There are 2 protein chains.
Amino acid sequence: MPDTIQKSPIIEVGPISGFPEHSPEVQAIFDGVLEKIEAGYRRTGATRIETPHVERLNVLTAKAGGEVTKEIYALKRARESEGGRATDPLALKFDLTVPLARYVAQHQSLLPFPFRRYQIDKVHRGERPQAGRYREFIQADFDIVGRGSLDVIADAEPPAVINDIFDSMGIGEFVIRLSNRNMLSGLFQNLRLDAAQGKRIMTLIDKRGLGTERLIEELILDVGCSSKDAEQIVDFANLHVDIDAPEDSLGGYCHNEMLEKGASDLATVVQGALHLGVPRERLSIDLSVARGLDYYTGTIYETTLLEHPNLGSICSGGRYDDLASSFSHESFPGVGISIGVSRIVPRLIKSGILSGVRQFEDHVLVTKLTPELMPDYLKMTSKLRRSGVPTEMYFEDKGLGQQIKYAARKGFGYAVIFGPDEKAKDKIILRDLNEGDQFEMTIEQLIAALMPKG
Amino acid sequence: MPDTIQKSPIIEVGPISGFPEHSPEVQAIFDGVLEKIEAGYRRTGATRIETPHVERLNVLTAKAGGEVTKEIYALKRARESEGGRATDPLALKFDLTVPLARYVAQHQSLLPFPFRRYQIDKVHRGERPQAGRYREFIQADFDIVGRGSLDVIADAEPPAVINDIFDSMGIGEFVIRLSNRNMLSGLFQNLRLDAAQGKRIMTLIDKRGLGTERLIEELILDVGCSSKDAEQIVDFANLHVDIDAPEDSLGGYCHNEMLEKGASDLATVVQGALHLGVPRERLSIDLSVARGLDYYTGTIYETTLLEHPNLGSICSGGRYDDLASSFSHESFPGVGISIGVSRIVPRLIKSGILSGVRQFEDHVLVTKLTPELMPDYLKMTSKLRRSGVPTEMYFEDKGLGQQIKYAARKGFGYAVIFGPDEKAKDKIILRDLNEGDQFEMTIEQLIAALMPKG
């Protein structure tokens, strides 16, 4: 065997379908959105938790339907070396709700209740890749979980958080559409429909855009409703409900305890959200909001951008009776929302609503005119950073023009120019990369000009 | 078949060995550390990138040694449904360097060079669980990558970043120990030792605490050095080197081009770091810093806490000639550091250097005395949040004492108390949970008192 050293061949690299990765500029847009979401969650006094990416497979499949179970990624060692020692199969979490349920059940004795937590994290699903679907994506969840009970006023928090966050993002006007599942369920009870039919109907209603006629047809043919019942269901879902008096709008449909409870809870939630500062025009009661496949049992929310209804709901959620029933005998009712960041952000960028321009406009590049002045460049850089100004120093041998282009390409707002002439005068030149003009000043003046205020 | 509804059995939950998860209090300590690291990285003008958790297996194994390859977690669908369709095997990244190399090779035409990036992310290794070893852990990496070339002054940045970050953490005094691999390599060249021997020696030197005698013994028995060579190697590694004139301290050992280049580069780096504001007493040249198993080719760094030397290096790194040689014909020299957050933070907490007390001292709990005043509680909460004060509202029916305990347990600094008496006077009571005293004031005074300054 020859023992010459062989250079390994180059391995081809490229994107993996369903696993998005961004340029630094687009990453900065994502980061800006995530910061605003996190700040909004934190303003409510919520605490962050971080669960591992990995859970036991039986925990993940405890409540998952067949569709999701098929999509779970299990782990195996690339080269198994433990000689077949049996261990619990491990797998990647596919959402943040199952890990929250497991976390609450596992650590219940250590947590203060109501437990307000947020988690912003990547989750994995082995879906068939298709447009707008990812196998790795970011969810940003906020939940309030009670132990034994949770007052219905807790349900007024999510609309307030949604309002705060999307207001801070400045992506245009939006409306938070609320309903309460007990209203549709009460109606189904009155119509003597069973639970399976109710579930099917919620899923059908949830598919907006079916159109009234088609929906009635499906209710009759698919669910087996009478045509009278089908019409009543569609009329109910389309009912115009006054946010200040939801009970009054329901005249003909009441006389069902569940429906009445749903309407009265909805009234409490809407008034609570108004008191929490959500502008009236951003709240709407919409009985066609059904969240068909989800496990909600009371209040439900969806959020739509007025100018971009085709984005669908940008933040959804609701109230659930018992978060951790698979993992604990105790009951943990809760309410929560989730923002599907990976799905929303690329579409907001594409629509021109979010842009990356000027993400780094407070940044400075200290350019290099001559290697002899390197000690000055280093000291300047250090002084600026200590004053809180993000500062990069250029150290390759390139012309000033190329260095300025480099700074502009990175979206930096300023460049500092310093050569022997400036050294002699004990001044520097500050170039404003947005305006193109430049000013001579002392280092102290430079720091005073660029230091973050406050 | 009976169609009664069966309640599923409770699934046992518990920790998974090697996959740490924290209480909200400990998570807050981690978050505080990560924020400081990120702020330090950003002050250098570095941009954040985020690569997927998943890479193609052949990318991950391109450079990994056998030990690491055994530890890679590959993915498989929990229930395979694609009928054996062959796809590239996917696996979880085990560090942030391989993904950086792949990212730079793949996106080189879109990136500005020198490319300064940081990435703070979880990585996975299927190690046998043992104390202080994790299967999922956080790395916080900072690198500067050139295209074709990267000036040696770039190597002065990591010590400045390390100094800035650990200074901001306030975890006591530390020293950054520097060396340059070419110095030991030059010595080995002079001693006519081959590359394999050199590698073995670096690994041995790296094991501090072997003691001089034992080290000499191993060099002779294990590497096959003559006893004269072994002594010379140990003397060299223990040499006291003046940080202001490393070349002068090497009198007897010079006359080797590689060694001299190493010493002169080291001098440039140390002077650069001093100009960048690293205090002299935090820099030390230590030729026994060898980073045995790593792929560094020039400057190398380690950082130790003076009062906790047993923690080992809390931040290490170095210069590498060619980051992406497995993935691109172009050369990408770089320099970088990594902070092993998951390993350090628990030990700093255990040693009492980091603590979670008062992480939320700016937080307020608006307590609930009577349900009739709920609209006032909601409005107060909204006003405080809008003024930037993180505020939680209590809405369960519990006594005031229990509510105050809840707030104290969460580490909140303040509670607002408001009942019918206060309502009549148009005042509120602010209780300081640290001091235990309380004050009557108007809502406007409350906001003025708690609003974040600046």
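These lines cover the structure that appears in this document, whether it is placed above or below.

Rules and cut-offs
- The residue count restarts for each chain, going from 1 along the sequence in the order it is written.
- Whichever chain is written first becomes A and whichever ligand is written first becomes 1, with later ones labelled in order.
- Since the coordinates come from a predicted model, pLDDT governs what is reported: local features require at least 70, and pairs of side-chain atoms require 80 or more to be given and counted, while whole-chain, interface and lining totals use all residues.
- Processing note: side-chain calculations cover all non-hydrogen atoms of the structure and skip hydrogens and water entirely.
- Secondary structure elements are taken from DSSP: a helix is a run of H or I of four residues or more, a strand is a run of E of two residues or more, and numbering for both begins at the N terminus.
- Within these notes, the globule rule equals 2.2 Å times the number of residues to the 0.38 power, and the radius of gyration is based on C-alpha atoms.
- Burial classes follow relative accessibility: with a 1.4 Å probe on protein chains only, a residue under 20% of its type's maximum area counts as buried, one over 50% as exposed, and anything between as partly exposed.
- Every residue pair with non-hydrogen atoms within 4.5 Å of one another is taken to be in contact.
- For the least-squares superposition of copies, only C-alpha atoms count, and only for residues with pLDDT at least 70 in both.
- Think of a nonpolar core as a cluster: buried Ala, Val, Leu, Ile, Met, Phe, Trp, Tyr and Cys residues, connected wherever their side-chain atoms sit within 4.5 Å.
- Note: the arc covers the axis-to-C-beta directions of the helix.
- Under the pairing criterion, centres of Phe, Tyr and Trp rings, with the six-membered ring standing for Trp, must be within 6.5 Å; the plane angle then separates stacked pairs below 30 degrees from edge-to-face pairs above 60, leaving the rest tilted.
- A patch consists of residues exposed above 30% relative accessible area that lack any salt bridge, with like charges linked at up to 9 Å and nonpolar side chains (Val, Leu, Ile, Met, Phe, Trp, Tyr) linked at up to 5 Å.
- Using a 1.4 Å probe, the Shrake-Rupley method yields the accessible areas, and only the shown protein chains count as cover for residues.
- A pairing counts as a salt bridge when a side-chain nitrogen of Lys or Arg comes within 4 Å of a carboxyl oxygen of Asp or Glu.
- When charges are counted, Lys and Arg contribute as positive and Asp and Glu as negative, whereas His and the chain ends are disregarded.
- Working definition for charges: the position is that of NZ of Lys, CZ of Arg, CG of Asp or CD of Glu.
- Two strands pair under a simple rule: DSSP has to find at least two bridges between them.
- Angles here are taken between N-to-C directions and fall from 0 to 180 degrees, while the axes themselves are lines fitted to C-alpha atoms, restricted in helices to the stretch in contact.
- Using a 1.4 Å probe, buried area is obtained as the accessible area two parts lose upon being combined, added over both of them.
- Orientation labels follow simple angle bins: below 35 degrees gives roughly parallel, above 145 gives roughly antiparallel, 65 to 115 gives roughly perpendicular, and whatever is left gives oblique.
- Each crossing gets its hand from how the near helix is turned against the far one by less than a right angle, where anticlockwise is left-handed and clockwise is right-handed.

Within chain A, the regular secondary structure consists of 15 helices and 16 strands. Rg of the C-alpha trace for chain A: 28 Å, well past the compact-globule value of 22 Å for 454 residues, more than 25% over. Summarising its shape, the C-alpha atoms of chain A cover approximately 90 × 70 × 45 Å along the three principal directions. A total of 454 residues make up chain A; the buried ones form 57% of that total. Once local pairs closer than 6 in sequence are excluded, the contacts in chain A between residues at least 24 apart make up 67%.

The next point concerns the relation of the copies chain B and chain A. Each copy of the sequence occupies a distinct position, and chain B is placed on chain A by a rotation of 180° and an axial shift of 0.0 Å, giving an RMSD of 0.0 Å. On this basis, the relationship between the two copies can be described by a two-fold rotation axis. Here 100% of the contact residues of chain B are again contact residues in chain A; the copies associate through an equivalent surface.

All names here are of chain B. Core analysis: the biggest nonpolar cluster contains 98 residues, and I37, Y41, L219, I233, I339 and V341 have the highest contact counts within it. Per-element accounting of this core gives the leading share, seven residues, to helix 10 (residues 257-275). In contact with I339, not counting residues within four places along its chain, are I37, Y41, I138, Q139, A140, I165, F166, I314, C315 and I344.

The next thing to look at is helix 11 (residues 341-350) of chain A. Residue and element names in this part refer to chain A. Along helix 11, the residues that are buried comprise V341, S342, I344, V345 and L348. Along the long axis of helix 11, the arc covered by the buried residues comes to 165°, so they all point the same way. Packing partners of the buried residues in helix 11 comprise helix 1 (24-42), strand 6 (136-145), strand 9 (299-305) and strand 11 (334-339).

Turning to the packing of aromatic side chains, a few remarks are in order. For the structure shown, the criterion picks out 22 aromatic pairs over all chains. Summarising the aromatic geometry, the rings of Y394(A) and Y406(A) are spaced 5.2 Å apart at their centres and angled 75° between planes, so their arrangement reads as edge-to-face. Separated by 12 residues along the polypeptide, Y394(A) in the loop between strand 13 (391-393) and helix 13 (400-409) and Y406(A) in helix 13 bring together distant segments of the chain. On the basis of relative accessible area, Y394(A) is assigned to the buried category, the value being 4%. Measuring from ring centre to ring centre gives 5.3 Å for Y295(B) and Y296(B), while their planes differ by 50°; the resulting arrangement is tilted. Pairwise contacts between aromatic rings join Y103(A), F113(A), F115(A) and F332(A) into one cluster.

Right, let's get into a negative patch on the surface. All names here are of chain A. A cluster of acidic side chains, namely D242, E247, D248, E257 and E260, defines a negative patch on the protein surface. Note that D248 resides in the loop between helix 9 (227-237) and helix 10 (257-275). Using a relative accessible area of 64% as the deciding quantity, one classes D248 as exposed.

Turning our attention to the sheet that holds strand 5 (residues 115-124) of chain A. Residues and elements named next belong to chain A. With mixed pairing, eight strands are arranged side by side in an open sheet as 1-5-6-11-10-9-7-8. For this open sheet the edge positions go to strand 1 (47-48) and strand 8 (283-285), each flanked by a neighbour on one side alone. Pairing between strand 1 and strand 5: two bridges, direction parallel. From the neighbouring strand, T47 faces strand 5, where its bridge partner is R117. Together, strand 7 (174-180) and strand 9 form the strand contacts of helix 6 (residues 181-190), whose direction differs from that of strand 7 by roughly 40°.

Counting residues at the interface gives 110 residues for chain B, matched by 110 residues for chain A. Summing both partners gives a buried area of about 9,900 Å² for chain B against chain A, and 56% of it is carried by carbon and sulfur. Summed over the shared surface of chain B and chain A, the number is 10 salt bridges. For E50(A), the salt bridge goes to K122(B), with nearest N and O atoms at 3.1 Å. Here the side of chain B that touches chain A takes eight residues from helix 12 (residues 374-386) of chain B, the largest share from any one element. Sheet topology places strand 3 (residues 73-77) of chain A next to strand 3 (residues 73-77) of chain B; five bridges connect them, and they run antiparallel. Within strand 3 of chain B, the position partnered with Y73(A) by the bridge is R77(B).

Next up on the list: the packing of helix 6 (residues 181-190) of chain B against helix 10 of chain B. Residues and elements named next belong to chain B. Where helix 6 meets helix 10, the closest approach of the two axes is 7 Å, and the angle between their N-to-C directions is 165°. On the basis of the axis angle, helix 6 is roughly antiparallel to helix 10. By crossing handedness, the relation of helix 6 to helix 10 is classed as left-handed. Of the residues in helix 10, those in contact with N182, M183, S185, G186, L187 and Q189 of helix 6 are M258, L259, G262, A263 and L266.

This part covers the pattern of salt bridges. A complete count under the given rule lists 54 salt bridges over all chains for this structure. With its nearest N and O atoms 3.0 Å apart, the salt bridge here joins D143(B) to R117(B). Of the two residues, D143(B) sits in strand 6 (residues 136-145) while R117(B) sits in strand 5 (residues 115-124), which places them 26 residues apart along the sequence. Since its relative accessible area comes to 5%, D143(B) is described here as buried. The exposure class assigned to R117(B) is buried, which follows from its relative accessible area of 1%. When salt bridges with common partners are traced through the structure, they connect D31(A), K122(A), E136(A), R48(B) and E50(B) into a single cluster.

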